[in-house]
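Coordinate analysis (summary)
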Amino acid sequence: MADDSSRRPLLKAAIARRLRWRAEVFAPDDPRNRSPALSALRAWQAARLERSFADVLADPTMAPAGRFFLSDLYGDRDYSARDRDVDRIMPVMVHLLPESLLAAARDAIELHALSHAFDLRLVDAMRRRRYQRLDVRRYAEIYRDAGFPRLRRRQIRLVVAVGQSLDAAVRRHGVYRLLRAARLPAKAAGLSELQSFLERGFQAFDALGGAGPFLARVERGETEVSRRLFAGHPEPFGAGFGEP
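Residues numbered from 1 in each chain as written. Predicted model: local features only at pLDDT ≥ 70, side-chain atom pairs only at ≥ 80, totals over all residues. Heavy atoms only, no water.

Let us look at the overall build of the protein chain. Of regular secondary structure, the protein chain possesses 12 helices and zero strands. In the protein chain, buried positions account for 51% of the 244 residues. For the protein chain, the proportion of contacts with a sequence separation of at least 24, taken over those separated by at least 6, is 78%. Accessible surface, the protein chain as shown: approximately 12200 Å² in total, 54% of it carbon and sulfur. (Helix = DSSP H or I, 4+ residues; strand = E, 2+ residues; numbered from the N terminus. Buried < 20%, exposed > 50% of the residue type's maximum accessible area, 1.4 Å probe, protein only. Contact = heavy atoms within 4.5 Å. Areas by Shrake-Rupley, 256 points an atom, 1.4 Å probe, with all protein chains shown as cover.)

Our next topic: the packing of aromatic side chains. If you walk through the whole model with that rule in mind, you get eight aromatic pairs. Considering the side-chain rings of F205 and F214, the 6.0 Å spacing of their centres and the 80° angle between planes classify their relative orientation as edge-to-face. Residue class for F205 comes out buried when judged on its relative accessible area of 2%. Taking relative accessible area as the criterion, F214 reaches 2% and is therefore assigned buried. One aromatic cluster is present, formed by W44, Y139, Y143, F230 and F237 through successive ring pairs. When the ring centre of F26 is taken as origin, the NZ or CZ atom of R22, which lies over that ring, is 4.2 Å away. In this arrangement the basic side chain of R152 is found over the ring face of F118, its NZ or CZ atom lying 3.8 Å from the centre. (Phe/Tyr/Trp six-rings, centres within 6.5 Å; stacked < 30°, edge-to-face > 60°. Lys NZ or Arg CZ within 6 Å of the ring centre and 35° of its normal.)

A word on the packing of helix α2 (residues 36-52) against helix α7 (residues 136-146). For the pair α2 and α7, the least separation of the axes is 12 Å and the interaxial angle reads 110°. Regarding the angle of α2 to α7, the classification is roughly perpendicular. Regarding α2 and α7, the two cross each other, and that crossing is left-handed. Residues L41, W44 and Q45 of α2 lie in contact with α7, whose contacting residues are V136, Y139 and I142. Looking at the contact of α2 with α7 residue by residue, the classes come out as five nonpolar, one polar and no charged. (Axes fitted to C-alpha atoms, helices over the stretch in contact; angles between N-to-C directions. Parallel < 35°, antiparallel > 145°, perpendicular 65-115°, else oblique. Left-handed = near helix turned anticlockwise from the far one by under 90°. Nonpolar A, V, L, I, M, F, W, Y, C, P; charged D, E, K, R; others polar.)

With that settled, consider the pattern of salt bridges. As enumerated under the stated definition, the model contains 15 salt bridges in all. Close ionic contact of R48 with E222 constitutes a salt bridge, the shortest N to O distance being 3.0 Å. Note that R48 is positioned in helix α2 and E222 in helix α12 (residues 212-231), a separation of 174 residues in sequence. Classification of R48 by relative accessible area gives buried; the value is 8%. A salt bridge links R127 to D124, with the shortest nitrogen-to-oxygen separation between them at 4.0 Å. In this pair, R127 and D124 both sit in helix α6 (residues 99-129), three residues apart, roughly one turn of the helix. A relative accessible area of 17% means that D124 is categorised as buried. (Salt bridge = Lys/Arg side-chain N within 4 Å of Asp/Glu carboxyl O.)

Here the focus is the packing of α2 against α6. Axis separation between α2 and α6 bottoms out at 10 Å; the angle between their running directions is 115°. Where α2 crosses over α6, the handedness of that crossing is right-handed. Between α2, through A37, L38, L41, R42 and Q45, and α6, the contact on the second element is made entirely by H116, D119, L122, V123 and M126. Per-class residue counts for the contact of α2 with α6 are six nonpolar, two polar and two charged.

The next subject is α6. Over its 31 residues, α6 extends 45 Å from the first C-alpha to the last, a length consistent with the 45 Å expected when each residue adds 1.5 Å. With respect to burial, α6 is a largely interior element, 26 of its 31 residues being buried. Downstream of α6 by a residue or two, R130 has a phi angle that is positive, lying close to 60°. (Expected span 1.5 Å × (residues − 1).)

Here it is, written out as structure tokens:
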């Protein structure tokens, strides 16, 4: 199905708005962005996700998408270079890339900004409680303190939306050829981070042979974890989870 070119200006505007929000939440003059608590929080969350998705990572078909999910969408990776690339190349990419990849970039930037905004709220909660390290009980406490369950659901839906957009790109003829052709020009233009992100995502979802089961697993698992955390469940990450 051909892209509707009338949507491209809307996608361009949406990406620009999300980049502005991202710049606000990552403001260097916000002391929370330099806090050791933020690094400790991100490391704990990354370890938790690794544990929670051990079954996905052990599945040869799902493992590439699982790794992409952990490293590029929902982990503690620094995405700033990728997002700067999007900002620089946006006038070109709006005309060259299929809408599915533009949508993936839009949602990935929103996901990154929203996740970081939540992390800053968690850092505030750690400071109020004077927590320097985390365990399951302490994480559940600061998660509830941060609040906004509807936005937490939005965060999960954004992960799924990025996956759906990448899956749509995989099924569109000629997209990967377009990505490979852009590799050298992207490197020459200093846009390697964006190029690498799109290629990693495309390859990971291509290996799935259909993203439905993987995305359902992500949405089901993370929705249940969030529900349990807000409900004060004694084992929010499942029985026998232990500590990351």
